[in-house]
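# Breakdown of the fold
Letter by letter, the chains look like this.
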Amino acid sequence: SIPVKVGSPDGKSRFAAVAQHAQPREYRIHPPRPSGCHAAIGDVESTRMSSTVLRLYSDFVCPFCFIAEHSTLPRLRDEFDLSVEWCGFELHPGTPRGGMPLSALFPPARLPAVRAHMQQFAARFGVTGMNHPDHIPNTRRALAIAELARDHSRLDPFRESAMVGYWCEGLDLEKNDDLRVIAERAGLGGGDALSAADDPAFHARVGERQADARRHG
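Reading the values: the criteria
Residues numbered from 1 in each chain as written. Predicted model: local features only at pLDDT ≥ 70, side-chain atom pairs only at ≥ 80, totals over all residues. Heavy atoms only, no water. Salt bridge = Lys/Arg side-chain N within 4 Å of Asp/Glu carboxyl O. Helix = DSSP H or I, 4+ residues; strand = E, 2+ residues; numbered from the N terminus. Buried < 20%, exposed > 50% of the residue type's maximum accessible area, 1.4 Å probe, protein only. Axes fitted to C-alpha atoms, helices over the stretch in contact; angles between N-to-C directions. Parallel < 35°, antiparallel > 145°, perpendicular 65-115°, else oblique. Left-handed = near helix turned anticlockwise from the far one by under 90°. Contact = heavy atoms within 4.5 Å. Nonpolar A, V, L, I, M, F, W, Y, C, P; charged D, E, K, R; others polar. Core = buried A, V, L, I, M, F, W, Y, C linked by side-chain atoms within 4.5 Å. Expected span 1.5 Å × (residues − 1). Polar contact = N/O pair within 3.5 Å; in protein donor to acceptor, adjacent residues only side chain to side chain. Phe/Tyr/Trp six-rings, centres within 6.5 Å; stacked < 30°, edge-to-face > 60°. Pairing = 2+ DSSP bridges.

### Observations regarding the pattern of salt bridges
According to the stated counting rule, one finds 16 salt bridges in the structure shown. Residues Asp 134 and Arg 115 are paired through a salt bridge, measuring 2.0 Å at the closest nitrogen-oxygen approach. With Asp 134 in the loop between helix H4 (111-124) and strand S7 (135-136) and Arg 115 in helix H4, the pair connects residues that are 19 residues apart, well separated along the chain. According to the relative accessible area criterion, Asp 134 is exposed, its value standing at 55%.

What follows is the structure, encoded as structure tokens:
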């Protein structure tokens, strides 16, 4: 597999050469989603032969991840017959419970320019409607629910629901009420999702994926 952290969505050239050399295997892949913030929360997974697996390290609060997963990733998957193994990792693992203001990462005077730049950057890839939140949540509980979703074959709709919820609808990825909404529209039980959010076994899996991401740079 090709391990990748999304830092910029325009990664096409990186995969073109390697896509021709892997041994064919059968993997579960997900149908491409339309771009923009109003994509439907999908509920279908398909299985087909794919020559290369793209291991994608992504976090719900990463703007470049959101843009890439709604633009470049579907194109790469179609053009190079890629299967995607989505691996959640904490972009800001030092974020305290309860989150932190965006001004903890950027000087307040720069925030308008940061937001404008991100919207312009997203528009270059056909992604519109992003609203850069003022608050950055700790995503570990949401990532734990993603592991529950993986076990129930609901990972693709859950990550779509979480990203759209955060970047377009202003949902808080730490608040139980918002996590319930995100989980239920992805086909998970709200109570099961909130239990998974604090389940040590799912948190351990999140930690393992974090360690794996660090091993791959």
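Next, the rest of the story.
### Here's the deal with the packing of helix H6 (residues 155-168) against helix H7 (residues 176-185)
How two helices sit against one another is set out by the angle between their axes and by the gap between those axes. Between H6 and H7, the least distance of the axes is 8 Å, while the angle of their chain directions is 140°. Classified by the angle between their axes, H6 and H7 sit oblique to one another. In the crossing of H6 with H7, the sense of the turn from one axis to the other is right-handed. Residues Phe 158, Ser 161, Ala 162, Val 164 and Gly 165 of H6 form the contact with H7, whose participating residues are Ile 182, Ala 183 and Arg 185. Partitioning the contact of H6 with H7 into residue classes produces five nonpolar, two polar and one charged.

### Details of the nonpolar core
Phe 60, Phe 66, Ile 67, Met 130, Phe 158 and Leu 173 are the most contacted members of the largest nonpolar core, which totals 52 residues. Examining the composition of this core, we find that eight residues originate from one element, H6, more than from any other.

### Concerning helix H9 (residues 200-215)
Its 16 residues give H9 an end-to-end C-alpha distance of 22 Å, which sits within 8% of 22 Å, the value for a rise of 1.5 Å per residue. Every buried residue of H9 is accounted for by Phe 202, His 203, Val 206, Arg 209, Gln 210, Asp 212 and Ala 213. For H9, the side-chain oxygen to backbone nitrogen distance between the N-cap and Ala 201 is 2.8 Å, and the N-cap itself is Asp 199.

### Topic: the packing of aromatic side chains
Counted according to the given criterion, the structure contains seven aromatic pairs. Ring plane angle 25° and centroid distance 5.5 Å describe the contact between Phe 60 and Trp 86, whose orientation is recorded as stacked. Taken together, the residues span a long stretch of sequence, with Phe 60 in the loop between strand S4 (52-58) and helix H2 (63-69) and Trp 86 in strand S5 (residues 82-88) at a distance of 26 residues. Residue Phe 60 shares its accessibility class with Trp 86, and that shared class is buried. Relative to Phe 121, the ring of Phe 64 has its centre 5.4 Å away and its plane inclined at 80°; by these criteria the two rings are edge-to-face. Taken together, the residues span a long stretch of sequence, with Phe 64 in helix H2 and Phe 121 in helix H4 at a distance of 57 residues. Note on Phe 64: relative accessible area 26%, which makes it partly exposed. For Phe 121, a relative accessible area of 11% translates into the label buried. By the ring-pair criterion, three or more aromatic residues cluster together here, those being Phe 60, Trp 86 and Phe 158.

### Re the pairing of S4
Judged by how many residues are buried, S4 sits mostly within the fold: seven of seven residues are covered. Burial along S4 is two-sided: the residues Thr 52, Leu 54, Leu 56 and Ser 58 and Val 53, Arg 55 and Tyr 57 are all buried. Alignment of S4 against S5, held across seven bridges, turns out to be parallel. Pairing of Ser 58 across the sheet is with Gly 88, part of S5.

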